[in-house]
Structures are given as C-alpha cells and as structure tokens.
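# Summary of the model geometry
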Amino acid sequence: MSLDTAPTANRPWLLGMREAIPLLGGYVPVAISFGLIAVQSGFSGWEAVLISTLVYAGASQFLFVAMVAAGAPLWFVVLMTLLINARHVVYGPNIAPWLSQSRWWPWLMHGLTDQIFALSHVRLPQLRAEDRMGWYIGASVVAWFSWIGGTAVGAIAGKELTQRWPLLGEVMPFALPALFLVLLAPRFANRLWAITLGATIVVALLLAVSGMKNAAIPIAAACGALVYYGLGILSGRKVSRENMKREGESQNG
Amino acid sequence: MDSKLWIALLATTIGTLLIRALPLLWMQRHLVRKQGSNSLDAMPTWLTVLGPLMIAAMFGVSLVPSAVSTAAWWATGIGVLSTYLVWKRTNSLGWPVFAGVAVYGGVILLANTVL
C-alpha cells in the first residue's frame, strides 16, 4: 500500500477496501458503544442499526439519541445534529478536482465521513482517473458496513463485550491517530506546512482535552489557516525587505 | 419510534447528505465554469489549505485517549513516534498504522501489568 502512484490492476475497489481496513480499528469500538447507548436510551436494536445506516455520522448520532432520550424538541434535535456535521461542507469541494462529472458522485457523498475524506484527500490524486470511483466505493463501503455491523453488535451484545474485553475498546481506536499521522507525514517536509500543521494539532488537542471535541476541529483548522497566512505574509515582507536592500546596494555600488 | 421521530430521523438523514453533497456540486460547477485552466488552480486557495488543516485537527482530537491516564498519554506518545518511524522506513499506509496500534497496546498492557 504505497503512498506513491500505485498500479491498481483491474480492481481499484479491492485496493480501496484494503486501504480502509485501518479505519475499522477506530470505527468498530465507537459503533459498538453507539449500539449499546442507543439500546440503553430506549431505541430497539434495529432502530439503532437504521440510524447508523441512514445518518452515518458518529458524533451527531450520539447527540440524536441522547437528545431524543432527554425529551428535547425534535426540530432542535435535527438542528443540533446538522450543526455538528457542518464541518463536512469543506470535504466535497476539497476532493472535487479528482472526481468525474458522474451523476453518482453526489450520492456517494453519503460515505464521506471525516476519515474517508482524510484518506481520499491523499489517495485520489495518486490514482488513475478511471480507478477513483471504484477505489472510493471500496473504501467507503468497508467503513460504512463496519459502522453498521459494529452498531448491531453493540445493540445485541455491547454490554457483555465491553465487560469481557475492556482493553480492546481502549487500544483499537489508536488506529485513527496513526492513520491521520501517516496521511499528514509527507507535508512535514515543508517548513511552512510543518509549523502550520503543528499549531493546528496542538490547538485541536488542547480543545479536545478541555472537552470541546466537536468544536475543536473547525476552530483548530481556522487557527491553522491564520498561522499559514500569517507566516506567508511575514515571509513575503521578509523577501521584499531583502529585495529592497539588494536594490539599494546595487544603486549605491 | 413514533411517526414524529421517523420524520426527525429522515430530516437528519437528508440534511447530512445535503451537507456533504451540495458543496461538491457547487465546486464541480465552479470547475466547469473555469474549464481550460488546471482544476487545482481553479480551486480557491483557502480551500486547498483547509483540507490538510481539517485532517491535522482530526489528528489532534483523536490523540486524546479514550480512557485518559498517565499510561495512556505515554502510550500515545510512544505510539505516535513508532508510527512515524515505521512510515519513514516503509512509506506505506498499512504497516505504520499496524505498528502504532501494536506499540500503543503493548505500552498499555505493560502499564496495566506493572502498575
């Protein structure tokens, strides 16, 4: 699974499925927790599975179930769950240059979660144009099915599983930061990007530790953008100062 | 689920899909209008910057262990370092993730045994 442009033979969907496997470590334990919490909140097992199939958005599903269980007005439940997902608006446009004009793509955006976006953002540019849809379908189907399957397992046997193997739920989610790191790693070679990404990561980490996990992603990304453009302006001024100095020296000389 | 809850679920489903699909359609139309130029050049600069930043923010958030403890933070640090080192060596996607999870799990197990 090289990060360079790889020959994908005739089965790009298989490559997509293979490359989405690391996501399972993060998806399945969280999906099991969702299934368990949904059942404990008064939803039936199949209702929990249906929510995972249709909504397919981690944090907003937890919020949906918790607010319904707390008796919140339903219009407010819908509004809040959509607000949590608002960060997804930048994902589609970011991968658009690598997508064809096929009418299937908008429907396939159902599978564009945070993690599938991160994977697609790095992998789609490296694939041949004709392989991209197959790869995306393979990757997103693995992620979607693991989310649905994990919810079903959680709804049926979540309590027993978490009691018997508590360590599994603690260790497997580390697959997500490991995957994000691998996707970001090539950018650290550039100094401007290294500083920008470092600042974004620290801000997101601090906000998440303070309990603001959902707000952390857009806020940290906005802070990172400020750092990126701020450094760009500073380095631009430095370059123009040096140019002026050189021009002055040549005139004096 | 009663009928009102069904409507709320459907509204959330459709709303989530629209949040993901409409911006893509907007960008695709924007790229078609700018046809002839390189599609990456036709993208607004802020958008190309925002993509990696969103991944970095997700990375930062996901670093917080599910069960916060000193051992878990150590495991996170050592796991991140191992992932990076294996990536440097293999330049692949799967092996660094596998190594990171294995090392993270190993440190957690060790801490549970020793402490």
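In this text, all values refer to a predicted model and were calculated from it rather than measured experimentally. Numbering of residues starts from 1 in each chain and follows the order in which that chain's sequence is written. Chain letters start at A and ligand numbers start at 1, both assigned in the order the entries are written. Only residues with pLDDT of at least 70 get local features here, since the model is predicted, and only at 80 or more are side-chain atom pairs given and counted; chain-wide, interface and lining totals rely on the full set of residues. Excluding hydrogens and water, the side-chain figures rest on all heavy atoms present in the structure.

### Focus: the interface of chain A and chain B
In plain terms, the rule: Note on contacts: a residue pair qualifies if any of its non-hydrogen atoms lie within 4.5 Å across the two residues. Put simply, buried area is how much 1.4 Å-probe accessible surface two parts lose in total, over both of them, once they are put together. Any carboxyl oxygen of Asp or Glu within 4 Å of a side-chain nitrogen of Lys or Arg constitutes a salt bridge here. Helix and strand definitions follow DSSP, with helices as H or I runs of at least four residues and strands as E runs of at least two, each counted in order from the N terminus. Any residue that is not Ala, Val, Leu, Ile, Met, Phe, Trp, Tyr, Cys, Pro, Asp, Glu, Lys or Arg is counted as polar, Gly included; the first ten are nonpolar and the last four charged.
Every contact between the two is made by 85 residues of chain A and, on the other side, 68 residues of chain B. Broken down residue by residue, the surface that chain A buries against chain B is led by Glu170, Phe174 and Leu181 of chain A, which jointly contribute 10%. Taken together, chain A and chain B are joined by 0 salt bridges. Per element, the largest residue contribution to the side of chain A that touches chain B is 10 residues, and it comes from helix α11 (residues 175-184) of chain A. Here the side of chain A that touches chain B is built from residues that sort into 62 nonpolar, 15 polar and 8 charged.

### Brief notes about the side chain of Glu170 of chain A
Defined as follows: We call a residue buried when its accessible area falls under 20% of the maximum for its residue type, exposed when it is over 50%, and partly exposed in between, using a 1.4 Å probe and counting protein chains only.
With respect to the helices and strands, Glu170 of chain A occurs in helix α10 (residues 166-171). The exposure class of Glu170 of chain A is buried, given its relative accessible area of 19%. Apart from residues lying up to four places away in sequence, Glu170 of chain A is in contact with Ser66, Ala67, Tyr104 and Ile108 of chain B.

### A look at unusual backbone geometry
Residue and element names in this part refer to chain A. For Tyr56, which is not glycine, the phi dihedral falls at a positive 50 degrees. Its location among the elements puts Tyr56 in the loop between α3 (45-54) and α4 (58-69). Given the relative accessible area of 1%, Tyr56 is considered buried.

### A look at the nonpolar core
For clarity, the threshold we go by: Buried Ala, Val, Leu, Ile, Met, Phe, Trp, Tyr and Cys residues that are joined via side-chain atoms within 4.5 Å together make up what is termed a nonpolar core.
Leu23 and Met109 of chain A together with Met54 of chain B are the most contacted members of the largest nonpolar core, which has 80 residues in total. When residues of this core are assigned to their parent elements, the largest contribution, 11 residues, is made by helix α3 (residues 45-62) of chain B. Excluding its chain neighbours within four sequence positions, the residues that come into contact with Met109 of chain A are Ile95, Leu99 and Tyr136 of chain A together with Leu17, Arg20, Ala21 and Leu24 of chain B. One finds Ile51 of chain A together with Leu5, Ala8 and Leu9 of chain B within the second-largest nonpolar core, a separate group that totals 16 residues.

### Some words on the packing of helix α12 (residues 191-209) of chain A against α3 of chain B
The cut-off we apply is this: The axes are straight lines fitted to the C-alpha atoms, using for helices just the contacting stretch, and the angles between their N-to-C directions are given from 0 to 180°. Any angle from 65 to 115 degrees is called roughly perpendicular, while one under 35 is roughly parallel, one over 145 is roughly antiparallel, and all others are oblique. Left-handed describes a crossing whose near helix is turned anticlockwise from the far helix through less than a right angle; right-handed describes the clockwise counterpart.
Contact pair α12 of chain A / α3 of chain B: the axes reach a minimum separation of 7 Å and the direction vectors enclose 40 degrees. When the interaxial angle is binned, α12 of chain A and α3 of chain B end up oblique. The chirality of how α12 of chain A crosses α3 of chain B is right-handed. Contacts between α12 of chain A and α3 of chain B pair Trp193, Thr196, Leu197, Thr200, Ile201, Ala204, Leu205 and Ala208 of chain A from the former with Val49, Pro52, Leu53, Ala56, Ala57, Phe59, Gly60 and Val61 of chain B from the latter. Per-class residue counts for the contact of α12 of chain A with α3 of chain B are 13 nonpolar, 3 polar and no charged.

### Topic: the packing of aromatic side chains
All names here are of chain A. Let me state the cut-off plainly: Under the pairing criterion, centres of Phe, Tyr and Trp rings, with the six-membered ring standing for Trp, must be within 6.5 Å; the plane angle then separates stacked pairs below 30 degrees from edge-to-face pairs above 60, leaving the rest tilted.
Counted according to the given criterion, the structure contains 13 aromatic pairs over all chains. Here Tyr91 and Phe117 contribute two aromatic rings whose centre-to-centre distance is 4.2 Å and whose plane-to-plane angle is 5 degrees, an arrangement assigned as stacked. Residue Tyr91 is found in helix α6 (residues 91-95), and its partner Phe117 is found in helix α8 (residues 114-123); the two are separated by 26 residues along the sequence. Here Tyr91 falls in the buried class, since its relative accessible area comes to 0%. With 5.2 Å between their ring centres and 65 degrees between their planes, Trp105 and Tyr136 make a pair best called edge-to-face. Of this pair, Trp105 sits in helix α7 (residues 105-108) while Tyr136 sits in helix α9 (residues 132-164); the two residues are 31 residues apart in sequence, bridging distant segments of the chain. Pairwise contacts between aromatic rings join Tyr56, Trp144 and Phe145 into one cluster.

### Describing the pattern of salt bridges
Residues and elements named next belong to chain A. A complete count under the given rule lists 5 salt bridges over all chains for this structure. Two residues, Asp114 and Arg87, come together in a salt bridge whose shortest N-O distance is 2.7 Å. Taken as a pair, Asp114 in helix α8 and Arg87 in the loop between α5 (74-84) and α6 lie far apart in primary sequence, 27 residues in all. Across the pair, exposure class does not vary: Asp114 and Arg87 are buried alike. Residues Arg128 and Glu130 are paired through a salt bridge, measuring 3.8 Å at the closest nitrogen-oxygen approach.

### Overview of the domain arrangement of chain A
Residue and element names in this part refer to chain A. Put simply, the test is: Boundaries between domains were set according to an automatic or database domain assignment. As used in this structure description, the phrase polar contact means that two N or O atoms lie within 3.5 Å; if the pair is within protein, one of them must be able to donate a hydrogen and the other to accept it, and residues adjacent in sequence are counted only when both atoms belong to side chains.
Each assigned domain of chain A is listed here: domain 1 (12-186) and domain 2 (190-253). Put simply, the middle of domain 1 and the middle of domain 2, counted by C-alpha atoms, are 31 Å apart. Of the residues lining the interface, 4 residues belong to domain 1; the matching set on domain 2 comes to 4 residues. Interface area lost by domain 1 to domain 2 is led by Ile84, Arg87 and Leu184, which between them contribute 78%. If you look at where domain 1 meets domain 2, you find 0 salt bridges. In this structure, the connection of domain 1 to domain 2 is made through 0 residue pairs in polar contact (both at pLDDT 80 or more). Among the residues making up the side of domain 1 that touches domain 2, the classes are represented as 3 nonpolar, no polar and 1 charged.

### Structural notes on the environment of Ile19 of chain B
On the secondary structure map, Ile19 of chain B appears in helix α1 (residues 3-33). In the structure, Ile19 of chain B is positioned 10 residues away from Arg29 of chain B in sequence and 16 Å away in space, judged by C-alpha atoms. In this structure, Ile19 of chain B is in contact with Leu82, Asn85, His88 and Val89 of chain A, ignoring residues within four places of it in sequence.

### A word on the packing of helix α2 (residues 21-40) of chain A against α9 of chain A
Residues and elements named next belong to chain A. At a minimum axis separation of 6 Å, α2 and α9 run at an interaxial angle of 50 degrees. It follows that α2 is oblique to α9 by the angle criterion. The hand of the α2/α9 crossing is right-handed. A class-by-class count of the residues in the contact of α2 with α9 yields 16 nonpolar, 7 polar and 1 charged.

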